[in-house]
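Descriptive analysis of the structure
Given next are the chains, with one letter for each unit.
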Amino acid sequence: MIEPFDDTYFMKKALQEAEAAFEKGEVPVGAVIVIDNKIIARGHNLTETLTDVTAHAEMQAVTAAANFLGGKYLKKCALYVTLEPCQMCAGALYWSQISNIVYGARDEERGCINLNTKLHPKTTIKGGVMAEEASELMKRFFIEKRNLN
């Protein structure tokens, strides 16, 4: 039997995706989707690159996971994302019926928890995994962005 990785392992992979977004000048949010202890999808923000407001990390990862699985439902999957999902992403996650959402940093203004966005009844959500690292990356991005303008 394969020993399961802990949440930190997969959040580190999501943080690598966030770093990739940072390098592209995108808001540094990264996501991975896992099933049976295996990463099946990765994504990071691409809203600037694709000029698409829906190109959030979670949306990229959900699409990739659905393509990998050959279906729209992500039952038995876990999403690891560096920032609490927004309402749009939470809506997509609801419809995907994803089993678990694990996020790093809270989004006090736009996050789905503060806005009481409904998740699928069978979805569990856990926050605060590597929150400091995720917050620090976000702060560094916006400090650099302000200094360039």
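Above this text sits the structure in question.
For the structure given in this document, a descriptive report is provided here. Being a predicted model, the structure only gives us computed values, none of them experimental. (Residues numbered from 1 in each chain as written. Predicted model: local features only at pLDDT ≥ 70, side-chain atom pairs only at ≥ 80, totals over all residues. Heavy atoms only, no water.)

**Observations regarding the side chain of glutamate 58**
Within the element layout of this structure, glutamate 58 appears in helix H2 (residues 57–69). One buried charged residue, glutamate 58, forms no salt bridge at all, with the nearest opposite charge on arginine 110 at 12 Å. Once you skip the residues sitting within four places of it in the chain, glutamate 58 turns out to touch Ala31, Leu79, Val81, Leu83, Pro85, Cys86 and Cys89. (Helix = DSSP H or I, 4+ residues; strand = E, 2+ residues; numbered from the N terminus. Buried < 20%, exposed > 50% of the residue type's maximum accessible area, 1.4 Å probe, protein only. Lys, Arg positive; Asp, Glu negative; His and termini not counted. Salt bridge = Lys/Arg side-chain N within 4 Å of Asp/Glu carboxyl O. Contact = heavy atoms within 4.5 Å.)

**Focus on the layout of surface pockets**
Of the pockets and cavities examined, the largest pocket occupies roughly 460 Å³. What lines the largest pocket is a set of 23 residues, and nearest its centre among them are Val27, Leu83, Asp107, Arg110 and Met138. For the lining of the largest pocket, the elements supplying multiple residues, two or more each, are strand E3 (77–83) and helix H4 (131–148). Residue contributions to the lining of the largest pocket peak at five residues, all from H4. For the lining of the largest pocket, a count of residues per class yields 10 nonpolar, five polar and eight charged. (1 Å grid on protein atoms, 1.4 Å probe; cavity = no way out; pocket = protein on both sides within 12 Å on 5 of 7 lines; lining within 4 Å. Points joined across faces, edges and corners; volume = space filled by probe spheres on them. Nonpolar A, V, L, I, M, F, W, Y, C, P; charged D, E, K, R; others polar.)

**Regarding the packing of aromatic side chains**
Summed over all chains, the structure comprises five aromatic pairs. Consider the rings of phenylalanine 10 and tyrosine 80, whose centres lie 5.2 Å apart with planes at 35 degrees: the pair is tilted. Here phenylalanine 10, found in helix H1 (residues 7–23), pairs with tyrosine 80, found in strand E3; they are 70 residues apart in sequence, far enough to count as distant. By relative accessible area, which is 6% here, tyrosine 80 ends up buried. Ring centres 5.1 Å apart and planes at 80 degrees place the aromatic pair tyrosine 94 and tryptophan 95 in the edge-to-face group. The ring of tyrosine 73 carries lysine 75 above its face, with NZ or CZ at 5.3 Å from the centroid. Positioned over the ring face of phenylalanine 22 is arginine 140, at 4.7 Å from the centre of the ring. (Phe/Tyr/Trp six-rings, centres within 6.5 Å; stacked < 30°, edge-to-face > 60°. Lys NZ or Arg CZ within 6 Å of the ring centre and 35° of its normal.)

**Brief notes about the nonpolar core**
Core analysis: the biggest nonpolar cluster contains 37 residues, and Ile33, Leu79, Tyr80 and Ile98 have the highest contact counts within it. When residues of this core are assigned to their parent elements, the largest contribution, six residues, is made by E3. (Core = buried A, V, L, I, M, F, W, Y, C linked by side-chain atoms within 4.5 Å.)

**Details of the sheet that holds strand E4 (residues 100–105)**
With respect to topology, five strands assemble into an open sheet ordered E2-E1-E3-E4-E5, the strand pairing being mixed. Two strands close off the open sheet at either side, each with one partner strand: strand E2 (38–44) and strand E5 (124–126). With strand direction ignored, the average angle separating the axes of adjacent strands in the sheet is 15 degrees. Both E3 and E4 contribute to a ladder of five bridges, which runs parallel. (Pairing = 2+ DSSP bridges. Axes fitted to C-alpha atoms, helices over the stretch in contact; angles between N-to-C directions.)

**Focus: the pairing of E4**
With respect to burial, E4 is a largely interior element, five of its six residues being buried. You can see the chain leave E3, run along helix H3 (residues 87–96) and come back into E4, and the turn it takes is right-handed. (Right-handed = clockwise from strand over helix to strand, strands pointing away.)

**As for H4**
In this model, H4 (18 residues) spans 26 Å end to end at C-alpha, consistent with the 26 Å of a helix rising 1.5 Å per residue. All buried positions along H4 are accounted for by Ala134, Leu137, Met138 and Phe141. When H4 is viewed along its axis, its buried side chains cluster within an angular range of 95 degrees and face the same direction. Relative to its buried face, H4 has exposed residues pointing more than 90 degrees away, namely Glu132, Lys139, Arg146 and Asn147. Buried residues along H4 sit against H1, E3 and E4. (Expected span 1.5 Å × (residues − 1). Arc of directions from axis to C-beta.)

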